[in-house]
Amino acid sequence: MASLRIRVYGDPVLRRVADDVTDIDGAMANLCQDMFAAMYEAPGIGLAAPQVGVSQRFFVYDFGDGPGILVNPEITDSDGEWTYNEGCLSVPELTWEIVRPRSIHLKAYDLDGNEVSIEAEDLQARLFQHELDHLEGRILLDYLDDDQRREAKRILRQRAMNGQGPPAGTGEGLSLP
Ligand code: NI
């Protein structure tokens, strides 16, 4: 199984608006398997295709009750507001209090091409919104105020100069205990 490199802040693919998936084929299914492997190894609970350099609209996730894949996801409704400490595998080791809607309604396709409709709330809604952001070329830094962003960039720059890669223990979309 090929091992995928998780792209980190500074990689232009993280800023691209991903393309719709037009063909769910065997190559994509294989890529998803490799993405799960990279996600579990990180470890994280979600990983969007752009984070492994593939600018297409899908992501994989696992909250602990089995793997899931959502293709061409779309949020059709959202409600409430919730502040939560959020992290990202592409901005390793840093977390911030981020405000997002607490619950969402999401439409997507599964790997068989069937349409799925999901009511998600709390952590699940949080993760799905986080992964959707990746498909839009948005990352957590976009939610910060100027001071926070400056500090984050300073840390990331410092780390890049030291040649440090992504450390273990950062949960994609969530700060794990
Ligand atoms: Ni992320």
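In this report, the structure presented in the accompanying data block is examined. Being a predicted model, the structure only gives us computed values, none of them experimental.

**What to know about the overall build of the protein**
No. 1: Scanning the protein for helices and strands turns up 3 helices and 7 strands.
No. 2: Counting from the amino terminus, helix and strand elements in the protein follow one another as α-β-β-β-β-β-β-β-α-α.
No. 3: Across its three principal directions, the C-alpha atoms of the protein cover 45 × 40 × 30 Å.
No. 4: Burial analysis of the protein (177 residues in total) assigns 45% to the buried set.

**Let's talk about the environment of Thr83**
No. 1: If you trace the backbone, Thr83 turns up in strand 4 (residues 82-88).
No. 2: A C-alpha to C-alpha distance of 5.3 Å links Thr83 and Ile98, two positions 15 residues apart in sequence.

**Some points on the nonpolar core**
No. 1: Within the largest apolar cluster, 18 residues are counted, with the highest numbers of intra-cluster contacts made by Ile6, Met35, Leu47, Phe58, Val60, Ile69 and Val71.
No. 2: Sorting the residues of this core by element identifies helix 1 (26-41), strand 2 (58-61) and strand 3 (68-79) as the ones contributing at least two each.
No. 3: The greatest single-element share of this core, amounting to 7 residues, is contributed by helix 1.
No. 4: Once residues within four sequence positions are removed from consideration, Ile6 is found in contact with Ala38, Ala42, Leu47, Gln51, Leu89 and Ser90.
No. 5: Counting 16 residues, the second largest nonpolar core, distinct from the first, contains Tyr61, Leu106, Ala108 and Ala125.

**Focus: helix 1**
No. 1: The first and last C-alpha atoms of helix 1 sit 23 Å apart over 16 residues, in line with the 22 Å expected at 1.5 Å per residue.
No. 2: All of the buried residues along helix 1 are Met28, Leu31, Cys32, Asp34, Met35, Phe36, Ala38 and Met39.
No. 3: The secondary structure elements touched by the buried residues of helix 1 are strand 1 (46-48), strand 2 and strand 3.

**Some thoughts on the packing of aromatic side chains**
No. 1: Counting across every chain of the model gives 7 aromatic pairs.
No. 2: Look at Phe36 and Tyr40: their rings are 6.0 Å apart centre to centre, the planes differ by 20 degrees, and that puts the pair in the stacked class. Placement of the pair is Phe36 and Tyr40 together in helix 1, with a separation of 4 residues, close to one helical turn.
No. 3: With relative accessibility at 40%, the residue Tyr40 sits in the partly exposed group.
No. 4: Three or more aromatic residues joined by ring pairs form one cluster here, namely Phe59, Tyr61, Phe63 and Phe128.

**Section: the side chain of His105**
No. 1: Its place among the elements puts His105 in strand 6 (residues 103-109).
No. 2: On the basis of relative accessibility, which here comes to 16%, the residue His105 falls in the buried class.
No. 3: Beyond its immediate stretch of four places on either side in the chain, His105 contacts Glu74, Ile75, Thr76, Asp77, Ser117, Ile118 and Glu119.

Calculation criteria
Residues numbered from 1 in each chain as written. Predicted model: local features only at pLDDT ≥ 70, side-chain atom pairs only at ≥ 80, totals over all residues. Heavy atoms only, no water. Helix = DSSP H or I, 4+ residues; strand = E, 2+ residues; numbered from the N terminus. Buried < 20%, exposed > 50% of the residue type's maximum accessible area, 1.4 Å probe, protein only. Core = buried A, V, L, I, M, F, W, Y, C linked by side-chain atoms within 4.5 Å. Contact = heavy atoms within 4.5 Å. Expected span 1.5 Å × (residues − 1). Phe/Tyr/Trp six-rings, centres within 6.5 Å; stacked < 30°, edge-to-face > 60°.

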